[in-house]
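# Observations on chain architecture
The residues making up each chain are set out below.
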Amino acid sequence: MAATSLICRECASTYPLEAQFVCTKCFGPLEVAYAPHPSAGDRDAIRRRIQAGPRSIWRYADFLPLEAGSPVGAGDFSSDGGLPAGGTPLVKADRLARRLGLREVWVKNDAANPTHSFKDRVVAVAAARAKELGFSTLACASTGNLAGAVAAAGAALGLPTYVFIPADLEEQKILSTGVYGANIVTVRGNYDDVNRLCTEIAGEREDWAFVNVNMRPYYAEGSKTLAYEIAEQLGWTAPDRIVAPIASGSLFTKIGKGFQEWIDLDLIDGVGGAAPKVPVMSGAQALGCNPVAAAFEAGQDVCRPVKPDTIAKSLAIGNPADGPYAIELARKTGGTITDVTDDEIKDGIRLLAETTGIFTETAGGVTTATLRKLAESGRIDPQERVVLVITGEGLKTLDVVRGTFEVTEIDPRFEQFENDVESRTEVPV
Ligand SMILES: *Cc1c(COP(=O)(O)O)cnc(C)c1O
Ligand SMILES: [Zn+2]
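Per an unreviewed UniProt entry, the protein chain carries the name Threonine synthase and comes from Patulibacter medicamentivorans. Recorded under Sequence similarities (unreviewed entry), the UniProt text for the protein chain is reproduced unchanged: "Belongs to the threonine synthase family." The Cofactor (unreviewed entry) field of the UniProt record for the protein chain holds the comment "pyridoxal 5'-phosphate".

And the structure:
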């Protein structure tokens, strides 16, 4: 399924596969268009080809926009191809399901990527394409996780990196980016200010690949691999519903694109004799940065920009580029886009951790809290098979769980243990 061109989502004008992200005719966003898969019509051949690939996103190289196909050979994790993104666990979360009164919940744990967020997927594709196009430097405008992913990819590929972040970012995210030797620039402003600055720099520095600015069409394709992996891990079926977070809306919309491509290629089986379909898509935002949820709930097609004020900093994009497409996808699939408060986010982090053993950052708290809200308000049919997409690691936003649990200090004496600790212990349900 070789990439053939960049195509405008609004007016369908096409452009060569270069570092360009907006249509010069109508200013619409560009995305990658592909020729039909060479084995279209032979689903077994396509599935075999995928299964013979490495346990990373590169097993889906036929669906990604690189000229050379996969930058790594089967089973080969050499650093020439960058970091081995993807291949993350999909775990059945029965205790979480029971707590929410649902039958079947799965957690796609993308915190298990090399730099502990789903951003390694998108960076792997953008960086590989940047190498093909001969760029000298990798860069990004980041809400936090992208900075770490770009810094690590640059280290693996031997490219210098510049990452631009809002100055008020969590310290854990700055520290876990700086170790890779990146040039870190903190900008006095919010993400939308950072993004505007980076768009300007990208126009001036022609040999810089800003993974989410001038390389955005390639970057965005990396998120499709989440859909492919979920389908493959569910035995070539699609879940009934996906609950996923929305910042710019890119991840959310590309999960939909990934499922649609595989349904069109007949790679996904329906369940119980039904025709396969794109899952119902439920988007999750924080109340303190909810431009997409607010527009969705008001029945509007476009988002009014907001000034972010939330503990979910990785989702704090006040002017989301793909917001309208996220709304369109949620509506088309009969889904939802809702928001949750900072307290609900903290509770969501604890709920996921206590029922699954998975510790997620604030973005995962948003997603888990959203699932809980949908379940408790009866907006999810209890019989559905739901996949919760957990996009980042809890150690990166440690501060928000401080004070959410108690620690008991005792003298080193048995009776104190018995009286102060054991007699007060609750058995988990
Ligand atoms: C970047 C990010 C997202 C979503 O990003 P989009 O801009 O909507 O693609 C979700 N979760 C985490 C942890 C992220 O870092
Ligand atoms: Zn256009």
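## Structural notes on the sheet that holds strand β7 (residues 161–166)
The strands making up a sheet associate through backbone hydrogen bonding, with each pair oriented either parallel or antiparallel. Judged by pairing direction, the sheet is parallel, and its four strands sit side by side in the order β8-β7-β6-β9 without closing on themselves. Strands with a single pairing partner mark the edges of an open sheet, and in this sheet they are β8 (183–187) and β9 (208–210). Across the sheet, the axes of successive neighbouring strands diverge by a mean angle of 20°, strand direction being ignored. Alignment of β7 against β8, held across five bridges, turns out to be parallel. The residue bridging Val163 from the neighbouring strand is Ile184, located in β8.

## A few points about the packing of aromatic side chains
On inspection of all chains with the given rule, the structure shows 10 aromatic pairs. Here Tyr162 and Trp208 contribute two aromatic rings whose centre-to-centre distance is 4.5 Å and whose plane-to-plane angle is 25°, an arrangement assigned as stacked. Of this pair, Tyr162 sits in strand β7 while Trp208 sits in strand β9, and the two are 46 residues apart along the sequence. With a relative accessible area of 12%, Trp208 lands in the buried category. On the numbers, 4.6 Å between centres and 10° between planes, the contact of Tyr228 with Trp262 is stacked.

## Examining the site of ligand 1
In the neighbourhood of ligand 1, 15 residues make up the surrounding shell, with Lys119, Ala247, Ser248, Leu251 and Thr391 lying closest. In the model, an oxygen atom of ligand 1 is placed 2.9 Å from a nitrogen or oxygen of the Asn145 side chain. In this structure, Thr391 approaches ligand 1 through a side-chain N or O atom, which is 2.7 Å from a nitrogen atom. Summarising the interface, the protein chains cover 98% of the accessible area of ligand 1, which totals 390 Å² for the free molecule. Among the residues forming the shell around ligand 1, the class breakdown is seven nonpolar, six polar and two charged.

## Notes on the UniProt feature "modified residue: N6-(pyridoxal phosphate)lysine" (unreviewed entry) in the protein chain
Under the present numbering, the feature "modified residue: N6-(pyridoxal phosphate)lysine" (unreviewed entry) in UniProt falls on Lys119. Residue contacts for Lys119: discarding those within four places in its chain leaves Asn145, Leu146, Ala149 and Tyr219.

## What about the packing of helix α9 (residues 250–264) against helix α11 (residues 323–332)?
Where α9 contacts α11, the axes come no closer than 8 Å and their chain directions differ by 45°. Regarding the angle of α9 to α11, the classification is oblique. In the packing of α9 onto α11, the handedness of the crossing is left-handed. Contacts between α9 and α11 involve Phe252, Thr253 and Gly256 on the former and, on the latter, Tyr325, Ala326, Leu329 and Ala330. Grouping the amino acids of the contact of α9 with α11 by side-chain chemistry returns five nonpolar, two polar and no charged.

Thresholds applied
- Residues numbered from 1 in each chain as written.
- Chains lettered and ligands numbered in written order.
- Predicted model: local features only at pLDDT ≥ 70, side-chain atom pairs only at ≥ 80, totals over all residues.
- Heavy atoms only, no water.
- UniProt positions renumbered as here; feature names shortened; annotations may be inferred.
- Pairing = 2+ DSSP bridges.
- Helix = DSSP H or I, 4+ residues; strand = E, 2+ residues; numbered from the N terminus.
- Axes fitted to C-alpha atoms, helices over the stretch in contact; angles between N-to-C directions.
- Phe/Tyr/Trp six-rings, centres within 6.5 Å; stacked < 30°, edge-to-face > 60°.
- Buried < 20%, exposed > 50% of the residue type's maximum accessible area, 1.4 Å probe, protein only.
- Near = heavy atom within 4 Å.
- Polar contact = N/O pair within 3.5 Å; in protein donor to acceptor, adjacent residues only side chain to side chain.
- Areas by Shrake-Rupley, 256 points an atom, 1.4 Å probe, with all protein chains shown as cover.
- Nonpolar A, V, L, I, M, F, W, Y, C, P; charged D, E, K, R; others polar.
- Contact = heavy atoms within 4.5 Å.
- Parallel < 35°, antiparallel > 145°, perpendicular 65-115°, else oblique.
- Left-handed = near helix turned anticlockwise from the far one by under 90°.

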